[in-house]
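Breakdown of the fold
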Amino acid sequence: MRSTWQGNAGRSPLQALYESDQFEQSSLQAVHQQRREMLSSVCSRYTRKRRLLQPDDLRHLVVDDAHGLLYCYVPKVACTNWKRVMMVLTGQGKYRDPLEIPAHEAHVPSNLRTLSEYSVPEINSRLRTYLKFLFVREPFERLVSAYRNKFTLSYNTAFHKRYGTKIIRRHRREPSARALERGDDVRFEEFVYYLLDPRTQQEEPFNEHWERVHSLCHPCVIHYDMVGKYETLAEDANYILQLVGADASVKFPASSKTRTTDGMTAQFFQDISPFYQRRLFNLYKMDYLLFNYSIPSYLRIR
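Residues numbered from 1 in each chain as written. Predicted model: local features only at pLDDT ≥ 70, side-chain atom pairs only at ≥ 80, totals over all residues. Heavy atoms only, no water.

1. So, the state of the cysteines
Following the criterion strictly, the structure yields 2 disulfides and no others. A sulfur-sulfur distance of 2.0 Å marks the disulfide that ties Cys-43 to Cys-220. Taking the sign of the S-S torsion, -85° for the link of Cys-43 and Cys-220, the bridge is left-handed. Residue Cys-43 is found in helix α2 (residues 27-46), and its partner Cys-220 is found in the loop between α11 (213-217) and β4 (226-229); the two are separated by 177 residues along the sequence. Accessibility expressed as a relative area gives 8% for Cys-43, which makes it buried. (Disulfide = S-S within 2.5 Å. Helix = DSSP H or I, 4+ residues; strand = E, 2+ residues; numbered from the N terminus. Buried < 20%, exposed > 50% of the residue type's maximum accessible area, 1.4 Å probe, protein only.)

2. Some remarks on the environment of Gln-33
Tracing the backbone shows Gln-33 in helix α2. What makes Gln-33 partly exposed here is its relative accessible area of 33%. Separated by 192 residues in sequence, Gln-33 and Asp-225 have C-alpha atoms that sit 8.7 Å apart. Within polar-contact distance, the side chain of Gln-33 engages the side chain of Arg-36 at 2.5 Å. (Polar contact = N/O pair within 3.5 Å; in protein donor to acceptor, adjacent residues only side chain to side chain.)

3. Some words on the pairing of strand β1 (residues 61-64)
Neither face of β1 is left uncovered, since the one carrying Leu-61 and Val-63 and the one carrying Val-62 and Asp-64 both have all their residues buried. Two strands pair when backbone bridges link them, and β1 and strand β2 (residues 69-72) are joined in this way by 4 bridges, in the antiparallel orientation. If you follow Leu-61 over to β2, its bridge partner there is Cys-72. Linking β1 to β2, which pair antiparallel, is a turn of 4 residues; within it Gly-68 sits at a positive phi near 60°. (Pairing = 2+ DSSP bridges.)

4. What to know about the pairing of strand β3 (residues 131-136)
Among the 6 residues in β3, 6 count as buried, and that is most of the element. With burial as the criterion, each face of β3 is covered, one bearing Leu-131, Phe-133 and Phe-135 and the other bearing Lys-132, Leu-134 and Val-136. Of the strand pairs in this sheet, β2 and β3 are connected by 4 bridges, and their pairing is parallel. In the strand pairing of β3, Tyr-71 is matched with Phe-133. Sheet analysis places β3 next to β4, joined by 4 bridges and oriented parallel. Across the sheet, the residue bridging to Phe-133 is Met-226, located in β4.

5. Notes on the confidence of the model for the protein chain
When pLDDT is averaged along the protein chain, the result is 91, and 91% of the positions lie at 70 or above. Below pLDDT 50 for its whole length, residues 20-25 participates in 6 contacts with residues either more than four positions away or in separate chains. (pLDDT = per-residue confidence, 0-100. Contact = heavy atoms within 4.5 Å.)

6. Section: the pattern of salt bridges
Counted by the stated rule, this structure contains 18 salt bridges. Ionic pairing is found between Arg-172 and Glu-190, a salt bridge with its closest N-O pair at 2.7 Å. Of the two residues, Arg-172 sits in the loop between α7 (157-171) and α8 (177-182) while Glu-190 sits in helix α9 (residues 188-196), which places them 18 residues apart along the sequence. Across the salt bridge formed by Asp-184 and Arg-178, the nearest N and O atoms sit 3.2 Å from each other. Classification of Arg-178 as partly exposed rests on a relative accessible area of 44%. Among the charged side chains, a network of salt bridges with common partners joins Arg-162, Lys-166, Arg-170, Glu-203 and Glu-204. (Salt bridge = Lys/Arg side-chain N within 4 Å of Asp/Glu carboxyl O.)

Next up, the structure:
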């Protein structure tokens, strides 16, 4: 029995839907077709050797067997709300309104099954027949959002201890004893140095909150039917729920939090030198290419 996967081949479930009379051609349909074509084009251009996936590579793919759905969650791209929606879809009536589910409960691993928990034949079957989707976001906007959430909020003490103390120890000159102990005042510049430090990935993989999307979801191996974008979150989310035949009462929650914007992201990069801007862009370059994001105008790397 094989223990690795090469993704899925043949006619996708989305193609089957489109070939039926259930959905008319629409501008939104065309947008998603363009996103898939861009993904395929970049993958063929930059991926020389097709890698084989291991079970650990499938931990971010949430399974909904009732609706034939696979969702690859990406932290800082509305993944809390998508997990809430997936709990409603898979909960057999236990949950009705996604917003009634506390945020912390949405992240409890036992509340949702991931593809890594299935047997090899079950994995292959689902990759071949289920509708597969992910949501992406402008890479540096997502990165700044992760920094703000994990390093500037007082309640994230686990991240301060786990990562903040290490970042300060390695990348701050003459840190105070308090900073070394608490790790709760990491500067964005120090966070950038940490990401670019060769020791970081030699010691362990990136945390999922700043790991590249292509490393979390493997879009050049798994052929996603839908690539939703944070910038068009509401319409993409509702379109996907419509495609899978979700109950009309299941609505994707409207975001009420103050989100990290392009202008806010630009402010964080003001004090990052062109040299480090260029290195950081190269680190996240594949996500920019795969998901068709332009080089930010505030970067001084040209």
